[in-house]
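These are the residues of each chain, in order.
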Amino acid sequence: MGMIRSAALAAIATAAVMALPATASAYTHCTATVTRIWAGDNGHVFIDYMTTTGNTAGAVVMTPTNPNREAVLSLAITAMTTSRKITARYTPDGASCAGAHFDVEGVYLEP
């Protein structure tokens, strides 16, 4: 009986875990044209942009401790000098593209 009981408990535990809602990662993406880049203020990088829809002004802000700072700066410079767009990914779901964002996950360089 012990084996049957253990198997039944395992099946119940598995069913309970499967019934839990899956946690989804959600982000906000803002596709934009880089309008200017500023570096200073003890290592901060500000990438100002204008969105392609709605003409909303915003900024990607990279702090000195952000490990992606140099890579994002490189992509922004490339976008600006080649007239390509970027898509910024912000941590919160449903965030506004307007304003300065410190919650940057990363930046895509668009084709």
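Novice: Can you walk me through the sheet that holds strand S4 (residues 86-90) in this structure?
Specialist: Hydrogen bonds between backbone atoms are what pair the strands of a sheet, whose relative direction is either parallel or antiparallel. With mixed pairing, the six strands of this open sheet are ordered in space as S5-S3-S2-S1-S4-S6. On the outer flanks of this sheet lie strand S5 (99-101) and strand S6 (104-109), each paired with one strand and no other. Each strand axis lies, on average, 40 degrees off the axis of its neighbour in the sheet, ignoring direction. Pairing geometry for strand S3 (residues 57-62) and S5, over three bridges, is parallel. Within S5, the residue paired with Ala59 across the bridge is Ala100. Sheet strands touched by helix H2 (residues 69-82): strand S1 (28-40), strand S2 (44-51), S3, S4 and S6. Its angle to S1, the strand with the most contacts, is close to 95 degrees.

Novice: Any chance you could explain unusual backbone geometry here in plain terms?
Specialist: Glycine aside, the phi torsion of most residues is negative, and most peptide linkages are trans. Positive phi is not limited to glycine here, since Asn42 has a value of about 65 degrees. One can find Asn42 in the loop between S1 and S2. Its identity as a non-glycine residue notwithstanding, Ser83 has a phi of 55 degrees, on the positive side. Within the fold, Ser83 resides in the loop between H2 and S4.

Novice: Would you explain the state of the cysteines in this entry?
Specialist: Should the sulfur atoms of two cysteines be covalently bonded, the bond is a disulfide. One pass over the structure, following the stated rule, counts one disulfide. What pairs with Cys30 in a disulfide is Cys97, and their sulfur atoms sit 2.0 Å apart. Given an S-S torsion of about -90 degrees, the disulfide between Cys30 and Cys97 has left-handed geometry. Linking Cys30 in strand S1 with Cys97 in the loop between S4 and S5, this pair joins segments that are 67 residues apart in sequence.

Novice: Any chance you could explain the side chain of His44 here in plain terms?
Specialist: Note on placement: His44 falls in strand S2. Within polar-contact distance, the side chain of His44 engages the backbone oxygen of Asp41 at 2.9 Å. Setting aside its immediate chain neighbours within four residues, His44 contacts Trp38, Ala39, Val61, Met62, Thr63, Pro64 and Phe102.

Novice: Would you mind showing me how to read the nonpolar core here?
Specialist: Formed by 17 residues in total, the largest nonpolar core has its most connected members in Ile47, Tyr49, Val60, Met62, Val72, Ile86 and Tyr90. Contributing elements (two or more residues each) for this core: S1, S2, S3, H2, S4 and S6. Leave out the neighbours within four places in its chain, and Tyr90 touches Tyr27, Thr28, Cys30, Tyr49, Ala59, Val60, His101, Asp103, Val104 and Glu105.

Novice: Before we go on, may I ask you to explain the pairing of S3 in this structure?
Specialist: When a strand is regular, its side chains alternate between the sheet's two faces. With five of its six residues buried, S3 lies for the most part within the structure. Sheet topology places S2 next to S3; six bridges connect them, and they run antiparallel. What sits directly across from Asp48, in S3, is Ala59. Here S2 folds back onto S3 in antiparallel fashion, the turn holding five residues, of which Gly54 has a positive phi close to 85 degrees.

Novice: Mind showing me how you'd approach the pattern of salt bridges here?
Specialist: Any two side chains of opposite charge can pair, on the condition that their charged atoms come close. Counted under the stated rule, the structure contains two salt bridges. Notably, a salt bridge pairs Arg36 with Asp48, separated by 2.6 Å at the nearest N-O pair. Residue Arg36 is located in strand S1, and its partner Asp48 is located in strand S2; the two are separated by 12 residues in the primary sequence. Residue classification places Asp48 among the buried positions, given a relative accessible area of 18%. One salt bridge in this structure joins Glu70 and Arg69, with 2.7 Å as the shortest N-O distance. Note on Arg69: relative accessible area 18%, which makes it buried.

Rules behind the numbers
Here the residue index of a chain counts from 1 through its sequence in written order. With the structure being a predicted model, the display of local features is reserved for residues of pLDDT at least 70 and the display and counting of side-chain atom pairs for 80 or more, all residues being used for whole-chain, interface and lining totals. Side-chain metrics in this entry use all non-hydrogen atoms of the structure; hydrogen atoms and water are not considered. Any two strands with at least two DSSP bridges between them are considered paired. Each helix is a run of H or I in the DSSP string that is no shorter than four residues. Each strand is a run of E no shorter than two, and both are numbered from the N terminus. Convention adopted: a line fitted to C-alpha atoms gives each axis, helices being fitted over their contacting stretch, and angles between N-to-C directions are expressed from 0 to 180 degrees. The contact definition used throughout considers only heavy atoms, calling two residues in contact when any of these lie within 4.5 Å. Note on disulfides: each one is a pair of cysteine sulfur atoms within 2.5 Å. Whenever a nitrogen or oxygen atom comes within 3.5 Å of another N or O atom, the pair is scored as a polar contact, on the condition that within protein one atom can donate a hydrogen and the other can accept it, and that pairs from neighbouring residues in sequence are kept only if both atoms are in side chains. For the purposes of this section, nonpolar cores are sets of buried Ala, Val, Leu, Ile, Met, Phe, Trp, Tyr and Cys residues that join through side-chain atoms within 4.5 Å. Relative accessibility under 20% of the residue-type maximum defines a buried residue, over 50% an exposed one, and the middle range a partly exposed one, all with a 1.4 Å probe and only protein chains included. Each salt bridge in this description consists of a side-chain nitrogen of Lys or Arg and a carboxyl oxygen of Asp or Glu lying within 4 Å of one another.

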